[in-house]
Amino acid sequence: MLALLLVFGTGCSEVPVNQIPLAVVGTTAATTEAPLHTTAVSTTASSAEQTQASSSQTTAATAPQTSISAATTHTTTPAQTVRYEDVEARFSVMTTEEKVGQLFFVSVEGRSALTESDLELLADCSIGNIILFGANIDNISQLAALNTEILDVISANTGICPFIGADQEGGRVMRILDACTAPPAMAVGAAGDPALARSLGELMGAQLRTLGINVNFAPCADVNSNPDNPVIGDRSYSADAGTAAEFVSAVAEGLQSAGVLACLKHFPGHGDTAEDSHTSLPEVDYDLERLDEVELRPFRAGIDAGAAMTMVGHILYPALGASDVPASLSPEVIEGFLREELAFDGLVITDSLSMGAITASYGEGEACVLAVNAGADLLCINDTAPALREAYAVVLQAVNDGRISAERLDEAVLRILNAKYEYGILEGTRPSDQLPDTERYQAVMAEIARKSLTLLEGELPVISDAASVLVLCTEPSRAALAQETQNPGAFLTREYGCNAMVIDREPADAQTESALAAAALYEDVILAVSGSGCAALAERLAETGVRVTVAVMDSPYAAESYRETGAAAVICAYENTDYSIRAAAELLMDGGAVSE
């Protein structure tokens, strides 16, 4: 009897599956014609409106960073275009308060609309840029309306259209769930096709720009080299620095070809840390030779590809001169290394200055002053309106007192306004929920899901009779990403005629016994699960003599828990979504060759 333990991905008939070491998950080169690659898993590895109608809105990844003075007069209508002379004139009359407001990239409370507190903050502090989180977003229609209000309010307050940014990396770090989605970076890397990754970036960028998002805080340029890393993991394209560099460049180019600024993060690299900078201050204590070979390599590639923005992380990097202050507050790291050594002339933004790595030792306002003096142009803070007001007041006072020089302030503001000019943001194009290229987007997502399927253990069985298959599955953690398939069991039952039972991620004893009793009636059992909590069930199924295949629908690190259960095969699909569920189902039921 076959017990197939399945964690799902998107489907296609001849689905390429990678089987690679966990240390290099997401790092294999593209396979030629082989539908399935295989290798062993090592436990030593860690874990942004349609495309703009105006050609000026579709800026290439290498958008020229000219040294113009960039600003604009108030623009809220789609037909109004800011001319270069208006831009220059606007900067020449900016007050110190308005300049300081341009430095801030802040969160808001509003969802259906900006709150009274938001409106007062934006007006009183001349705030120039907004970062949106999941709490601000219900769906794309609501998001387009909110972004329209943000655009109109900030343009009216400052005469300058805002950056509106979001973390839309893919996988577990996505703020928008009903459009502009992507698999985890590790899955994109595992698909082994940089051209496909560039297409994904381009299509995502076009949809984000349509919705009013003009900055995507992606791609992650961190190398996934530490198995104990609590924050990066599948957010990285690879544990191999060269592979990560190739995919970082491809995604950045794609995003920017659609007029969305790409942001390389978390410089100088958060991949080999054992602490999470959201709560504490990590340290990377390698020499410069190692940093150049590994941590810095994807950043160099992204810079060479023309990435417009780099986010500096809250990490100690002694080899770069940051032995007692985080990289985000270090002149040696930002001005000395990022600017001079790597020749990056784009925008530098801090990681959120509300994170524990900063607030444990600095006030947000003081951290803002230190970051600006270190060379940062944009200050990312997600906090309450009173806290944001206080940070703004501290920076303004530092400028008035001379702690931040007028030259440093102007340099940052001109770089911000210049980027807004170059990427067509000052034109104030209206957000819309009429997304472009949805069919092409879906095709690219499906292809990535097929190509990224990874065989971690064993050999895929051949299933000849769907009626003899019982699917034991867990529900996707985000139902919005699996609305069509519902869950692996429902899809396999509907499309192939299998039988299915939904179980908990960590089934209790009674549920385990029920599953075992049901499995005894079938030739094959597919256990399609997320997480590692069903490993004991997999082992007990295998002990009954049924053939077990495990398909893990999320992390390959969770999949590792199933390798020693006696399952005939263990595959990883990286995410429990419509695309990955279809891909995994087709692989398991229709077959696919496995290259040894």
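This one's a predicted model, so the numbers in the text were calculated from it and none came from an experiment. (Residues numbered from 1 in each chain as written. Predicted model: local features only at pLDDT ≥ 70, side-chain atom pairs only at ≥ 80, totals over all residues. Heavy atoms only, no water.)

### As for the overall build of the chain
Inference 1: Regarding its fold elements, the chain presents 20 helices and 16 strands.
Inference 2: When burial is assessed residue by residue, the chain has 63% of its 596 residues classed as buried.
Inference 3: For the chain, the accessible surface area stands at approximately 19700 Å², while carbon and sulfur atoms represent 47% of it. (Helix = DSSP H or I, 4+ residues; strand = E, 2+ residues; numbered from the N terminus. Buried < 20%, exposed > 50% of the residue type's maximum accessible area, 1.4 Å probe, protein only. Areas by Shrake-Rupley, 256 points an atom, 1.4 Å probe, with all protein chains shown as cover.)

### What about the pattern of salt bridges?
Inference 1: Summed over all chains, the structure comprises 29 salt bridges.
Inference 2: In this structure, glutamate 202 engages arginine 440 in a salt bridge whose closest nitrogen and oxygen atoms are separated by 3.5 Å. Of this pair, glutamate 202 sits in helix α6 (residues 194–211) while arginine 440 is found in helix α15 (residues 438–452), placing the two residues 238 residues apart along the sequence.
Inference 3: Given the relative accessible area of 26%, glutamate 202 is considered partly exposed.
Inference 4: Of the residues examined, arginine 440 reaches a relative accessible area of 37% and is grouped as partly exposed. (Salt bridge = Lys/Arg side-chain N within 4 Å of Asp/Glu carboxyl O.)

### Structural notes on the side chain of glutamine 142
Inference 1: By the secondary structure assignment, glutamine 142 is in helix α4 (residues 140–158).
Inference 2: Judged by relative accessible area, which is 12%, glutamine 142 ranks as buried.
Inference 3: From its side chain, glutamine 142 meets the backbone oxygen of arginine 111 in a polar contact 2.6 Å long.
Inference 4: In this structure glutamine 142 touches Arg111, Ser112, Asn136 and Ile137, once residues within four positions along its chain are discounted. (Polar contact = N/O pair within 3.5 Å; in protein donor to acceptor, adjacent residues only side chain to side chain. Contact = heavy atoms within 4.5 Å.)

### Quick look at unusual backbone geometry
Inference 1: Here the bond from alanine 218 into proline 219 is cis, since omega is 10 degrees, no more than 30 degrees from zero.
Inference 2: You can see proline 219 is positioned in the loop between β6 (215–216) and α7 (241–257).
Inference 3: Each neighbour pair has its own omega, and for lysine 265 with histidine 266 the value is 0 degrees, a cis peptide bond.
Inference 4: Of note, histidine 266 is situated in strand β7 (residues 261–267).
Inference 5: For alanine 343, which is not a glycine, the phi torsion comes out positive at approximately 60 degrees.
Inference 6: The residue alanine 343 is located in the loop between α10 (331–341) and β9 (347–350) in this model.
Inference 7: Judged by its relative accessible area of 53%, alanine 343 is exposed.
Inference 8: In this model, aspartate 437 sits at a positive phi of 55 degrees, which is unusual for a non-glycine residue.

### As for the confidence of the model for the chain
Detailed reading of predicted coordinates is not advised where the pLDDT is low.
Inference 1: The share of residues in the chain with pLDDT of 70 or more is 83%, and the mean pLDDT across the chain is 86.
Inference 2: Every residue in residues 1–84 scores below 50 in pLDDT, and together they form 390 contacts with partners more than four places removed in sequence or on other chains. (pLDDT = per-residue confidence, 0-100.)

### Considerations on the packing of helix α2 (residues 96–103) against helix α13 (residues 385–401)
Inference 1: Where α2 contacts α13, the axes come no closer than 10 Å and their chain directions differ by 130 degrees. When the axis of α2 is compared with that of α13, the two are oblique. Every pair of crossing elements has a handedness; the one defined by α2 and α13 is right-handed. Judged by residue contacts, Thr96, Glu97, Val100, Gly101 and Leu103 of α2 engage Tyr392, Val395, Leu396, Val399 and Asn400 from α13.
Inference 2: A class-by-class count of the residues in the contact of α2 with α13 yields six nonpolar, three polar and one charged. (Axes fitted to C-alpha atoms, helices over the stretch in contact; angles between N-to-C directions. Parallel < 35°, antiparallel > 145°, perpendicular 65-115°, else oblique. Left-handed = near helix turned anticlockwise from the far one by under 90°. Nonpolar A, V, L, I, M, F, W, Y, C, P; charged D, E, K, R; others polar.)

### Some points on α13
Inference 1: The first and last C-alpha atoms of α13 sit 24 Å apart over 17 residues, in line with the 24 Å expected at 1.5 Å per residue.
Inference 2: Turning to α13, its buried residues are Ala385, Ala387, Leu388, Ala391, Tyr392, Val395, Leu396, Ala398 and Val399.
Inference 3: Each element contacted by the buried residues of α13 is listed here: α2, β3 (104–106), α3 (116–124), α12 (364–374), β10 (379–381) and α14 (406–422).
Inference 4: With its phi angle positive at about 90 degrees, glycine 402 sits one or two positions after the end of α13. (Expected span 1.5 Å × (residues − 1).)

### Examining the packing of aromatic side chains
Inference 1: Taken as a whole and judged by the stated rule, the model has five aromatic pairs.
Inference 2: Consider the rings of phenylalanine 105 and phenylalanine 217, whose centres lie 5.3 Å apart with planes at 70 degrees: the pair is edge-to-face. Of this pair, phenylalanine 105 sits in strand β3 while phenylalanine 217 sits in the loop between β6 and α7; the two residues are 112 residues apart in sequence, bridging distant segments of the chain. Just as phenylalanine 105 is buried, phenylalanine 217 falls in that class too.
Inference 3: Arranged with centres 6.2 Å apart and planes meeting at 15 degrees, the rings of tyrosine 237 and phenylalanine 247 form a pair that is stacked. Taken together, the positions of tyrosine 237 in the loop between β6 and α7 and phenylalanine 247 in helix α7 put the pair ten residues apart, joining distant regions of the chain. Here the two residues tyrosine 237 and phenylalanine 247 agree in accessibility, since each one is buried.
Inference 4: Counting every residue linked through ring pairs, the aromatic cluster contains Phe105, Phe163 and Phe217.
Inference 5: Looking at arginine 290, its charged tip hangs above the ring of tyrosine 286, at a distance of 3.9 Å from the centre.
Inference 6: Over the aromatic face of phenylalanine 163 sits the side chain of lysine 420, whose NZ or CZ is 5.0 Å from the ring centroid. (Phe/Tyr/Trp six-rings, centres within 6.5 Å; stacked < 30°, edge-to-face > 60°. Lys NZ or Arg CZ within 6 Å of the ring centre and 35° of its normal.)

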